[in-house]
Amino acid sequence: CDSEKGCVYTLIDCEPEDACHNSYCDSEDGCYSEVVDCDDYDECTIDSCDCSTGCTYVDKECDDYSECTVDRCDSETGCIYESVICGDDDACLVWDCDDSEGCVSYEIDCNDYDECTDDSCDSKDGCKNVYVSCDDYDECTIDECDSDYGCLYTDRDCDDWNKCTDDTCGKDGCCNTPIDCDDDNECTLDTCKGEFGCVNYYTCDD
């Protein structure tokens, strides 16, 4: 109370205890403090409070240390890890992703383990297993292919089981030429029987 002015009312200084509190004064209860709300409603920041400087906001680290993801942050949902899409239009490659190396590719195995096919790969259509030609252009061989061994060539058997022919093989294949049973003897009848070959019958009377 001042002798001249009478009652004097001085505002109480409600000094906050640190930068992380806000101080207020209530007419009934007096000074009180509340913790500062440092929430910036951004999922990409880590919110905290320093007693000396107040609210601090540090960018959230979204790196998952994987070369197979694209890392980013959305302010509403936080960290997002999108898978890397590996590959191109080459049908001869199989793509995979390694966390350390990123996208890696491997050549596909077109081997069908069939010796009768020529195995290759086309970048557009993928594996091609084309049957090989075993034709040796020799009419005296039988050409075939075995899946385990590949082309096989067997001599053609020109035997017609006829004793009256000479069986050979040439550029046109088998040739079964009738044999000559003429014994140059006017006294014989020269014939040929398929089972026995030449037969020469005497026809002259002594």
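Residues numbered from 1 in each chain as written. Predicted model: local features only at pLDDT ≥ 70, side-chain atom pairs only at ≥ 80, totals over all residues. Heavy atoms only, no water.

Caption draft 1: Spatial organisation of the overall build of the protein chain. In terms of helices and strands, the protein chain carries zero helices and 16 strands. Radius of gyration (C-alpha) of the protein chain: 52 Å, far over the 17 Å computed for a compact globule of 206 residues. Principal-axis analysis of the C-alpha atoms places the extent of the protein chain at approximately 195 × 25 × 20 Å. The burial tally for the protein chain puts 17% of its 206 residues in the buried class. Of all intrachain contacts in the protein chain linking residues separated by at least 6 positions in sequence, the fraction that spans at least 24 positions is 23%. Accessible surface, the protein chain as shown: approximately 15,900 Å² in total, 45% of it carbon and sulfur. (Helix = DSSP H or I, 4+ residues; strand = E, 2+ residues; numbered from the N terminus. Rg over C-alpha atoms; globule rule 2.2 N^0.38 Å. Buried < 20%, exposed > 50% of the residue type's maximum accessible area, 1.4 Å probe, protein only. Contact = heavy atoms within 4.5 Å. Areas by Shrake-Rupley, 256 points an atom, 1.4 Å probe, with all protein chains shown as cover.)

Caption draft 2: A look at the pairing of strand S6 (residues 78-83). Where strand S5 (residues 69-74) and S6 come together, six bridges link them in antiparallel fashion. When the sheet's bridge partners are listed, Asp 71 is paired in S6 with Tyr 81. Counting the residues that bridge the hairpin from S5 to S6 gives three residues. (Pairing = 2+ DSSP bridges.)

Caption draft 3: Focus on the side chain of Ser 66. Tracing the sequence through the fold places Ser 66 in the loop between strand S4 (54-59) and S5. Polar side-chain contacts of Ser 66 include one of 2.8 Å to the side chain of Asp 99. (Polar contact = N/O pair within 3.5 Å; in protein donor to acceptor, adjacent residues only side chain to side chain.)

Caption draft 4: Fine view of the state of the cysteines. This structure, assessed with the given rule, holds 15 disulfides. Note that Cys 38 is cross-linked by a disulfide to Cys 55, the S-S spacing being 1.9 Å. When the S-S torsion is -80°, as for the bridge of Cys 38 with Cys 55, the disulfide is left-handed. Of the two residues, Cys 38 is situated in the loop between strand S2 (30-35) and strand S3 (45-50) and Cys 55 in strand S4; the sequence distance between them amounts to 17 residues. The disulfide that involves Cys 92 links it to Cys 121, with 2.0 Å between the sulfurs. Linking Cys 92 and Cys 121, the disulfide has an S-S dihedral of approximately -110° and is accordingly described as left-handed. With a gap of 29 residues between them, Cys 92 in the loop between S6 and strand S7 (93-98) and Cys 121 in strand S9 (residues 117-122) connect regions that are remote in the sequence. What makes Cys 121 partly exposed here is its relative accessible area of 33%. (Disulfide = S-S within 2.5 Å.)

Caption draft 5: Here's a closer look at the pattern of salt bridges. Scanning all chains against the criterion turns up two salt bridges. Of the charged contacts in the structure, one is a salt bridge between Arg 72 and Glu 82, with a shortest N-O distance of 3.1 Å. With Arg 72 in strand S5 and Glu 82 in strand S6, this residue pair connects regions lying ten residues apart in the sequence. Exposure remark for Arg 72: the relative accessible area of 38% places this residue in the partly exposed category. Of the charged contacts, one joins Asp 125 and Lys 128 as a salt bridge, the two residues approaching to 3.8 Å between their closest N and O atoms. (Salt bridge = Lys/Arg side-chain N within 4 Å of Asp/Glu carboxyl O.)

Caption draft 6: Looking closely at unusual backbone geometry. Even without a glycine there, the phi angle at Tyr 137 is positive, about 55°. Assignment of secondary structure puts Tyr 137 in the loop between strand S10 (126-131) and strand S11 (141-146). Look at Trp 161: it is not a glycine, yet its phi comes out positive at around 55°. On the basis of relative accessibility, which here comes to 72%, the residue Trp 161 falls in the exposed class.

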